[in-house]
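Structure at a glance
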Amino acid sequence: MKTCLIVDDSRVIRKVSRHILESLGFSVDEAENGLVGLERCGEAMPDLIMLDWNMPVMTGIEFIVQLRQRSGGDRPKVVFCTTENDVAHIREAIEAGADEYVMKPFDHETLQIKLQLVGMG
């Protein structure tokens, strides 16, 4: 079974994302910020990471930069989930190592399409 880590400070977003991902056959874990997310990755590197941009403790960009420097940190597909939709933000996320980008709020179909684009669909 494919594994996914949802890193988002919103409990509602984590719950909605978990529901969609579990319906797509993923085993899902959650982290409420980037620091906890990195700890989870240290325990077991997931196949997919759904990553929020704006979080307390550690931003999504700080998280992905640290993740990609770790041993095995290049393996997970990372999909940024955010309300920021300008080109500069998208470019920054991709340059930092994100594989794809999805706008909040997203639905089952939108997320499924993004996952297919990164080879996780």
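Attention in this report is confined to the structure presented alongside it. As the structure is a computational prediction, the values presented were derived from the model and not from experiment.

Take the pairing of strand S3 (residues 48-52) next. Of all five residues making up S3, five are buried, and the element is well covered by its neighbours. Side chains Leu48, Met50 and Asp52 of S3 all project onto a buried face; the interleaved residues Ile49 and Leu51 project onto the opposite face, where all are buried too. Note that strand S1 (residues 3-7) and S3 share four bridges and pair parallel. Bridged to Ile6 within S3 is Met50. The β-α-β motif built from S3, the intervening helix H3 (residues 60-69) and the parallel element strand S4 (residues 77-82) has right-handed crossover chirality.

One pass over the structure, following the stated rule, counts zero disulfides. In this structure Cys41 is not part of a disulfide, and its nearest cysteine sulfur, from Cys4, lies 10 Å away. Looking at the unpaired Cys81, the closest cysteine sulfur is the one in Cys4, lying at 8.5 Å. The buried category is assigned to Cys81, whose relative accessible area is 4%.

Calculation criteria
Residues numbered from 1 in each chain as written. Predicted model: local features only at pLDDT ≥ 70, side-chain atom pairs only at ≥ 80, totals over all residues. Heavy atoms only, no water. Buried < 20%, exposed > 50% of the residue type's maximum accessible area, 1.4 Å probe, protein only. Helix = DSSP H or I, 4+ residues; strand = E, 2+ residues; numbered from the N terminus. Pairing = 2+ DSSP bridges. Right-handed = clockwise from strand over helix to strand, strands pointing away. Disulfide = S-S within 2.5 Å.

This is a description of form; function is not addressed.
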